[in-house]
Amino acid sequence: QVQLVESGGELVQAGGSLRLSCAASGRTFSSSAMGWFRQAPGKEREFVAGISRSADNILYADSVKGRFTISRDNAKNTVYLQMNSLKPEDTAVYYCAARFSQSHYAGPRYEYDYWGQGTQVTVSS
C-alpha cells in the first residue's frame, strides 16, 4: 500500500505562483513513476505532468508546458509541482498519483496504482 498526501493548494490571483507537494509513504517511492492530474468542476480528470522513477523522463500537458515544473526528491519521498503564471483555467482539484509498473515512463499511457485525496487550487481573475 502507498499513501499519498497532497498539500499546497490555495486561492491565488492570476499570474501568481504555487508549489504543490505530494508526500508518499508505504512502498519504495523511488521505484514509482509519479504524476499530477487535475479535475475542474464539470470536467473530466486530466493529466498535467508526470515524472519517471529516476526523473530522466518528464512529460507535460500542452496547457501547462512552460509554466509548470514537476520534480521529485526521492530522499524525502516527495514529488512537487511548481506552478507559475497561473490562469483562472488552472482552477481545479489537483491529485498526485503513483505507478510502480512502467515506472521508467513519465506519461499517462499506463494506469496509476495509487491516488491522493486532492488539493484545491483556485485562481482568481
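Predicted model only: the values in this text are computed from it and were never measured.

Asker: Please clarify how the pattern of salt bridges should be interpreted in this entry.
Answerer: Throughout the structure, instances matching the rule amount to four salt bridges. Between arginine 38 and aspartate 90 there is a salt bridge whose closest N-O contact spans 2.9 Å. Here the residue arginine 38 occupies a position in strand β4 (residues 33-39), and aspartate 90 occupies one in the loop between β8 (78-83) and β9 (92-99), the gap between them amounting to 52 residues. The same class applies to arginine 38 and to aspartate 90, which are both buried.

Asker: What's the story with the state of the cysteines in this structure? I'm lost.
Answerer: In protein structure, a disulfide is the covalent linkage between the sulfur atoms of two cysteines. Across all of its chains, the model carries one disulfide by this definition. Covalent S-S linkage joins cysteine 22 and cysteine 96, the inter-sulfur distance amounting to 1.9 Å. Since a negative S-S torsion denotes a left-handed disulfide, the cysteine 22-cysteine 96 link at about 45° is right-handed. Pair noted here: cysteine 22 is in strand β3 (residues 18-26) and cysteine 96 is in strand β9, with a separation of 74 residues, a long-range link.

Asker: Looking at this structure, how should I read the nonpolar core?
Answerer: One recurring pattern in soluble globular proteins is that nonpolar side chains are buried together. In this structure, Leu4, Trp36, Leu81, Met83 and Tyr94 are the most contacted members of the largest nonpolar core, which totals 30 residues. When contributions to this core are tallied by element, the ones reaching two or more residues are β1 (2-7), β3, β4, β5 (46-51), β7 (68-73), β8, β9 and β11 (119-124). Beyond its immediate sequence surroundings of up to four residues, leucine 81 is in contact with Leu18, Arg19, Leu20, Trp36, Val48, Ala49, Phe68, Thr69, Ile70 and Tyr94.

Asker: Help me understand the sheet that holds β3 in this model?
Answerer: What holds strands together in a sheet is hydrogen bonding between their backbones, with the strands either parallel or antiparallel. Reading across from one edge, β1-β3-β8-β7 is the order of the four strands in this open sheet, with antiparallel pairing throughout. The open sheet has two edge strands with one neighbour each: β1 and β7. Each strand axis lies, on average, 15° off the axis of its neighbour in the sheet, ignoring direction. As paired elements, β3 and β8 share six bridges and run antiparallel to each other. When the bridges of β8 are listed, leucine 20 appears paired with leucine 81.

What counts as what
- Residues numbered from 1 in each chain as written.
- Predicted model: local features only at pLDDT ≥ 70, side-chain atom pairs only at ≥ 80, totals over all residues.
- Heavy atoms only, no water.
- Salt bridge = Lys/Arg side-chain N within 4 Å of Asp/Glu carboxyl O.
- Helix = DSSP H or I, 4+ residues; strand = E, 2+ residues; numbered from the N terminus.
- Buried < 20%, exposed > 50% of the residue type's maximum accessible area, 1.4 Å probe, protein only.
- Disulfide = S-S within 2.5 Å.
- Core = buried A, V, L, I, M, F, W, Y, C linked by side-chain atoms within 4.5 Å.
- Contact = heavy atoms within 4.5 Å.
- Pairing = 2+ DSSP bridges.
- Axes fitted to C-alpha atoms, helices over the stretch in contact; angles between N-to-C directions.

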